[in-house]
Amino acid sequence: MSYVVYLGSHSHGLEPTQADIDRVTDSHYGLLGLFTESKEKAKEKIFYSYTNSINGFAAVLEEEEASALAKHPDVVSVFLNKARKLHTTHSWSFLGLEKDGVVPPSSLWKKARYGEDVIIGNLDTGVWPESKSFSDEGLGPVPSKWRGICQYATKEGVPCNRKLIGARYFNKGYGSIVGHLNSSFQTARDIEGHGTHTLSTAAGNFVPGANVFGNGKGTAKGGSPRARVAAYKVCWPAVGVNEGGCYEADILAGFDVAISDGVDVLSVSLGGAIDEYSDEAIAIGSFHAFKKGITVVAFAGNSGPGPGSVSNVAPWLITVGASTLDRAFTIHVALGNRKHLKGASLSQKSLPARKFYPLISGARAKASKQSEEDANLCKPGTLDSKKVKGKILVCLRGVNPRVEKGHVALLAGAVGMILANDEESGNGILADAHVLPAAHIISTDGQAVFSYLNSTKDPWAFITNFFVVIFFLQSVCAIGGLALYSDDEHDLVYPFQPDITAPGVSVIAAFTLATGPTDEAYDKPTTRDNNGDPILDSSNTRATPFAYGAGHVQPNRAADPGLVYDLTVNDFLNYLCSRGYTAKDLKLFTDKPYACPESFSLTDFNYPSISAINLNDTITVTRRVKNVGSPGKYYIHVREPTGVLVSVTPATLEFKKLGEEKTFKVTFKLAPKWKLKDYTFGILTWSDGKHFVRSPLVVRPYWSH
């Protein structure tokens, strides 16, 4: 088994000398040598030494060796090298950065000069450098602060330019699981496509005439189109029976190098099950980045619609939930019983003739010795082509990739595919570039299809061509939200996430050519759609802060927020102290000794979201805001959670200078004769008439264990 052994921080600066690196590496060999046959044996076992900002190593260890290492006083944590998962032309108009192709003077793009000379790093599947999104047209010299490189180990490597200024790959953690890697794995080139897509979404250059099969046509560009980008490939495909993914050892190596290279922002669209911070590479790496002034933005995951499904909950990350746009790529399914269902697709192909075709489920089309469950998911090798040929195949979403199901259907002879969500997937449907005529439908419509299949011996269906719809609504959030984790011993383990939401569904951006693309109310601006109606979650019910956090991102206002909830390294260390971290544990995050305060209430952690957990009568919390705008007086406005009385002291905050900080207290009290049964939500807003500084409120009643 391979493990990550974490030792804390280094005392040297961001640019260690070779002597510093040799000393650190030798210390790793020496430490592991205490638990192996010799120091030489330790050298064979270690495949990464983290020598820049992060102190530790990754090695192939026996379980007994890992257990013994974990008890050493210099070791903060030892955790398995687990795999983490990978979780436009219109987006920026939707966000108000441009209108009808024109950038207004109030746009954040103009104020921020389109992100000029900011360096954005991306931990993902790499990059396709030939994409026009990474053209360096119109850009000047590479910023002098950049210390990174382009690894060009083979002819399949990644050439850089003044836009794509860095590309590296990290595969040793992956290799420790799957075995020997040939030369095709020695490259940062993106074969899967996810990294190219996410990096171009963040900072792709201007690309006129971008479209998907002629649809959604316009000028594609990233959120910071003049920023420089660097790709750190830490995610790899499945090999044989071994699982692909983004392994902890490689993720931590990517963070360590990116921090040293000089990035300003790190984008991390990957994650998985939540672990303790000390056992999770993203939490560890992002804290080291935060200490160096690097902003880390991470995705909240795609595991909705149920609550508690968000990834990346460390409070020093900006966790972003994905929402839909006011644009859809729509396709319709007509069933033989005259039911018409609306779905999503970007399939370029249409049925060979406008007529109805026989309909069959994957389960009924299963090959011999295959399970109905696997066949219903349309896994490779599970279908009998004699049963499928010439028919429209119904596949259930889940387990294997959506587009792969279409490949399986096509290879089995299907003329089209209906991809049906299961109950867990709810109403989150996606427009994929399928290889055959296909429609992705919501779970209730999927049930209607299966009900029809079970009601007749001769089922038929037809799939229309897809078309683009621009509507006056922002539709549902694509993910389910995470509340506050609670167990029999602890409450309020994490501040609730995501922090904000932003467009993340059916976004047109770059893709690898290695594969095909197969009047202002206080709460209205961010928790309602662009028609003024409440944002819905993917179950088509009114969303809560557990789904959208503080609300939908408004980039133009972010340039002048007025007040901010400032958080320092010490704030985060106090937060960890309150969760029971000892001085030894804190070495995970700081290279200097830190004494925990004698008293620190986790409810007073200066997070923008405000929670009152286990409310039985009254709870008071404290927050601190800093003025980052002009002098002014801010007044409080509270939309109280149902059944809860909220008072704020003081009710006004007057700021006379830039950087001035003020403290206020929020008291939650149960309304007389009111019994709370579940979570309830509200909004607290400070405003000077121009700025609206908004915090979601969440209250949970006392639940006895």
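The coordinates are above.
A brief structural summary. Please read all numbers here as calculations on a predicted model, not as lab measurements.

What follows is about the overall build of the chain. Helices and strands together make up the secondary structure of the chain, namely 18 helices and 34 strands. Counting only residues that meet the buried cut, the chain has 55% of its 705 residues in that class. Per element, the accessible surface of the chain, about 29,900 Å² overall, is 52% carbon and sulfur.

Our focus in this paragraph is the sheet that holds strand E33 (residues 680-687). Read across the open sheet, the five strands follow the order E27-E34-E33-E29-E31; overall the sheet is mixed. Two strands close off the open sheet at either side, each with one partner strand: strand E27 (610-615) and strand E31 (652-655). Along the sheet, successive strands turn relative to each other by an average axial angle of 20°, direction set aside. Pairing between strand E29 (residues 632-639) and E33: five bridges, direction antiparallel. Paired with His637 across the strands is Thr685, a residue of E33.

Now for the pattern of salt bridges. The tally for this structure, following the rule as stated, stands at 19 salt bridges. Across the pair Asp26 and Lys39 runs a salt bridge whose closest N-O atoms are separated by 2.8 Å. With Asp26 in helix H1 (residues 18-33) and Lys39 in helix H2 (residues 39-45), this pair connects stretches of sequence that are 13 residues apart. Take Asp26: its relative accessible area is 37%, and that puts it in the partly exposed class. The shortest N-O distance in the salt bridge between Lys669 and Asp617 comes to 3.2 Å. Highlighted residues: Lys669 in strand E32 (residues 661-670) and Asp617 in the loop between E27 and strand E28 (618-627), separated in sequence by 52 residues. The exposure class of Lys669 is partly exposed, given its relative accessible area of 37%. By relative accessible area, which is 44% here, Asp617 ends up partly exposed. Three or more residues are tied together by salt bridges with common partners; here these are Lys82, Arg84 and Glu248.

Another aspect to go through is the state of the cysteines. Counted according to the given criterion, the structure contains four disulfides. Two residues share a disulfide in this structure: Cys150 and Cys160, whose sulfurs sit 1.4 Å from each other. In this pair, Cys150 sits in the loop between strand E6 (119-124) and strand E7 (164-169) while Cys160 sits in the loop between E6 and E7, placing the two residues ten residues apart along the sequence. Judged by its relative accessible area of 31%, Cys160 is partly exposed.

Counted by the stated rule, this structure contains 19 aromatic pairs. Members of the aromatic cluster, each reached through a chain of ring pairs, are Phe287, Phe290, Trp316, Phe572, Tyr575, Phe605 and Tyr607. The side chain of Arg189 reaches across the aromatic face of Trp128, ending 4.6 Å from its centre.

Quick look at the nonpolar core now. Tyr50, Tyr232, Ile251, Phe255, Tyr277, Trp316 and Phe589 are the most contacted members of the largest nonpolar core, which totals 57 residues. A total of eight residues in this core trace back to one element, the largest contributor, which is helix H8 (residues 248-261). Core analysis: the second largest hydrophobic core is formed by 24 residues, Leu563, Ile619, Leu684 and Val693 among them.

The next point concerns the packing of H8 against helix H9 (residues 281-291). Between H8 and H9, the shortest axis-to-axis distance is 9 Å and the interhelical angle comes to 5°. It follows that H8 is roughly parallel to H9 by the angle criterion. For the pair H8 and H9, contact is made by Glu248, Ile251, Leu252, Phe255 and Ile259 and by Ala281, Ile282, Ile284, Gly285, Ser286, His288 and Ala289, respectively. Along the lines of polarity and charge, the residues of the contact of H8 with H9 split into eight nonpolar, three polar and one charged.

Its place among the elements puts His340 in strand E18 (residues 340-344). Through-space distance from the C-alpha of His340 to that of Ala461 is 9.7 Å; in sequence the pair is 121 residues apart. Beyond its immediate stretch of four places on either side in the chain, His340 contacts Val333 and Ala334.

On to the sheet that holds E28. A sheet is described by the order of its strands in space; here four strands give the open sequence E26-E28-E32-E30, paired in antiparallel fashion. Whereas interior strands pair on both sides, the edge strands pair on one side only; in this sheet they are strand E26 (563-564) and strand E30 (644-649).

Moving on to the pairing of strand E20 (residues 392-396). Within E20, four of the five residues are buried, leaving the element largely enclosed by the surrounding structure. Relative to E20, strand E19 (residues 357-361) is paired through three bridges, and the arrangement is parallel. Residue pairing for E20: Ile360 is matched across the bridge by Leu393. As defined by bridge partners, E20 adjoins strand E21 (residues 416-420) across five bridges and the pair is classed as parallel. Bridge pairing links Cys395 to Leu419 in E21. Where the polypeptide runs from E20 across helix H12 (residues 402-411) and back to E21, its parallel neighbour, the crossover connection is right-handed.

We now examine the pairing of strand E13 (residues 265-268). Sheet topology note: the E6/E13 ladder contains four bridges and is parallel. Paired with Ile120 across the two strands is Val265, which belongs to E13. Both E13 and strand E15 (residues 295-299) contribute to a ladder of four bridges, which runs parallel. Residue pairing for E15: Leu266 is matched across the bridge by Val296.

With their axes 10 Å apart at the nearest point, H9 and helix H17 (residues 569-578) run at an angle of 150° to one another. Only Val569, Phe572 and Leu573 of H17 make contact with H9, whose side of the interface consists of Phe287, Phe290 and Lys291. Its residues placed into classes, the contact of H9 with H17 shows five nonpolar, no polar and one charged.

Further remarks concern unusual backbone geometry. With omega at -10°, the peptide bond leading from Thr649 into Pro650 counts as cis. Inspection of the secondary structure puts Pro650 in the loop between E30 and E31. Despite not being glycine, Asp117 has its phi angle at roughly 65°, a positive value. Relative to the helices and strands, Asp117 is located in the loop between helix H5 (108-111) and E6.

What counts as what
- Residues numbered from 1 in each chain as written.
- Predicted model: local features only at pLDDT ≥ 70, side-chain atom pairs only at ≥ 80, totals over all residues.
- Heavy atoms only, no water.
- Helix = DSSP H or I, 4+ residues; strand = E, 2+ residues; numbered from the N terminus.
- Buried < 20%, exposed > 50% of the residue type's maximum accessible area, 1.4 Å probe, protein only.
- Areas by Shrake-Rupley, 256 points an atom, 1.4 Å probe, with all protein chains shown as cover.
- Pairing = 2+ DSSP bridges.
- Axes fitted to C-alpha atoms, helices over the stretch in contact; angles between N-to-C directions.
- Salt bridge = Lys/Arg side-chain N within 4 Å of Asp/Glu carboxyl O.
- Disulfide = S-S within 2.5 Å.
- Phe/Tyr/Trp six-rings, centres within 6.5 Å; stacked < 30°, edge-to-face > 60°.
- Lys NZ or Arg CZ within 6 Å of the ring centre and 35° of its normal.
- Core = buried A, V, L, I, M, F, W, Y, C linked by side-chain atoms within 4.5 Å.
- Parallel < 35°, antiparallel > 145°, perpendicular 65-115°, else oblique.
- Contact = heavy atoms within 4.5 Å.
- Nonpolar A, V, L, I, M, F, W, Y, C, P; charged D, E, K, R; others polar.
- Right-handed = clockwise from strand over helix to strand, strands pointing away.

By themselves, these figures tell us nothing about what the structure is for.
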